Amino acid sequence: MEPLSLTDKKQSEEDKHLQEEVKTAGSIPSHIAIIMDGNGRWAQDKGNIRLFGHKEGVESVRDITEACAQLGVSHLTLYAFSTENWNRPSSEINGLMKLLVHSLQNEANRLHKNNIRLVSIGQIDRLPSSCRNKLEEVKELTKENDRLELCLALSYSGRWDITEAVKKLAKDVKDGKIDPENIDDDMISTRLSTGKVPDPDLIIRTSGEYRISNFLLWQLAYSELYITQTYWPDFRRDELYKAIQSYQKRERRFGKVKKGYTKKVSASVINKILS
Ligand code: IPE
Ligand code: IPE
Ligand code: MG
């Protein structure tokens, strides 16, 4: 595979070695989703205003995107701005929107050169036109790329996503295309903004908060969760490797019993236990 660099830095031998270790230790999650949290506290701890944290967070986005592509992750979904984040002070929102335009502008060619497709989920029509236009431009530029799909969740919330899917279903029922009795999981999944994208295997949340904050509520039904105290601007590839190594040690049971557990219990034993 061709060399990949989003950082303009040559990949170190040590990093290549670490990636080989991660790849041989177990399966690499196909879809990683990240709640990128802690930018404000990172900046405030350093005596800076919150925007410094958001700006430094973009460096983490670049490093994690590159490392995911190198490891062979096929989908990376990043929670960048939630529906509820519109309730923040307007100065912070303005700063974030300008940073988004600026970052898209700076990263577009590198993403394209590295065969990464940019997509987005969320209420994009709520974003300022400068953001919408830049986003559309980069999506269009990268739409044929197939190494990694990088999805930005912008003005996104899980409840919004489910509500939109329900509206689509209701319309299909009204138009006589679907019998309500036949509605199943798959009909809901495919009407979500994530469409046919496989559910996340691993959800990472930085900054030590033990909550989902309205992220992919439907899609995370069986995702493995990894929470780290590290603030997002400090979350770089070595932290990603730790998260993947933790994921590789889990047994995903999907409601079944532990692998290899085959002991059969007779009806008489069941009756005896329950008597
Ligand atoms: C995450 O960092 C980025 C966004 C939600 C836009 P925060 O801005 O939430 O930072 P903290 O959690 O307040 O430290
Ligand atoms: C979640 O972080 C949203 C994003 C990372 C974009 P928040 O900082 O908004 O979440 P809460 O308010 O701590 O739950
Ligand atoms: Mg936060």
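These lines cover the structure that appears in this document, whether it is placed above or below. All values derive from a computational prediction rather than experimental measurement. (Residues numbered from 1 in each chain as written. Chains lettered and ligands numbered in written order. Predicted model: local features only at pLDDT ≥ 70, side-chain atom pairs only at ≥ 80, totals over all residues. Heavy atoms only, no water.)

## Here we look at the site of ligand 1
Phase 1: For ligand 1, the set of nearby residues contains 13 residues, the closest of which are Asp37, Gly40, Arg41, Arg50 and Arg88.
Phase 2: Aspartate 37 is positioned such that a nitrogen or oxygen atom in its side chain is 2.7 Å from an oxygen atom of ligand 1.
Phase 3: Relative to its free-state accessible area of 370 Å², ligand 1 is covered by the protein chains to the extent of 87%.
Phase 4: Here ligand 1 occupies the largest pocket.
Phase 5: Residue assignment for the shell around ligand 1 shows that the elements contributing at least two residues are helix H2 (39-45), helix H3 (50-71) and helix H4 (90-113).
Phase 6: Ranked by the residues each element gives to the shell around ligand 1, the list is headed by H2, at three residues. (Near = heavy atom within 4 Å. Polar contact = N/O pair within 3.5 Å; in protein donor to acceptor, adjacent residues only side chain to side chain. Areas by Shrake-Rupley, 256 points an atom, 1.4 Å probe, with all protein chains shown as cover. 1 Å grid on protein atoms, 1.4 Å probe; cavity = no way out; pocket = protein on both sides within 12 Å on 5 of 7 lines; lining within 4 Å. Sits in = over half its atoms within 2 Å of the grid points. Helix = DSSP H or I, 4+ residues; strand = E, 2+ residues; numbered from the N terminus.)

## Structural notes on the nonpolar core
Among soluble globular proteins, nonpolar side chains are generally buried collectively.
Phase 1: Ranked by size, the top nonpolar core spans 44 residues in total, and within it Ile32, Ile34, Leu76, Ile204 and Leu240 carry the most contacts.
Phase 2: Of all the elements, H4 adds the most residues to this core, at eight residues.
Phase 3: In contact with isoleucine 204, other than residues within four places in its own chain, are Ile32, Ala33, Ile34, Ile35, Tyr226, Phe235, Leu240 and Ala243.
Phase 4: In this structure, Tyr79, Ala153, Tyr156 and Phe215 belong to the second largest nonpolar core, which totals 13 residues. (Core = buried A, V, L, I, M, F, W, Y, C linked by side-chain atoms within 4.5 Å. Buried < 20%, exposed > 50% of the residue type's maximum accessible area, 1.4 Å probe, protein only. Contact = heavy atoms within 4.5 Å.)

## Quick notes on the packing of H3 against H4
Phase 1: One way to put it is that H3 packs onto H4 with a least axis distance of 10 Å and a crossing angle of 25°. With respect to each other, H3 and H4 are oriented roughly parallel. Seen from above, H3 lies across H4 with right-handed handedness. On H4, the residues touching Arg50, Leu51, His54, Lys55, Val58 and Arg62 of H3 are Glu92, Gly95, Leu96, Leu99, Ser103, Glu107 and Arg110.
Phase 2: Its residues placed into classes, the contact of H3 with H4 shows four nonpolar, three polar and six charged. (Axes fitted to C-alpha atoms, helices over the stretch in contact; angles between N-to-C directions. Parallel < 35°, antiparallel > 145°, perpendicular 65-115°, else oblique. Left-handed = near helix turned anticlockwise from the far one by under 90°. Nonpolar A, V, L, I, M, F, W, Y, C, P; charged D, E, K, R; others polar.)

## Digging into the site of ligand 2
Phase 1: Around ligand 2, the neighbouring residues are Ile35, Met36, Asp37, Tyr79, Ala80, Phe81, Ser82, Asn85, Arg88, Arg205, Arg211 and Ser213.
Phase 2: In this structure, aspartate 37 approaches ligand 2 through a side-chain N or O atom, which is 3.2 Å from an oxygen atom.
Phase 3: Residue asparagine 85 places a side-chain N or O atom 2.9 Å away from an oxygen atom belonging to ligand 2.
Phase 4: The fraction of the free accessible surface of ligand 2 (390 Å²) that becomes covered by protein chains is 78%.
Phase 5: A per-element tally of the shell around ligand 2 places strand E2 (residues 75-82) first, with four residues.
Phase 6: Looking at the shell around ligand 2, its residues break down into five nonpolar, three polar and four charged.

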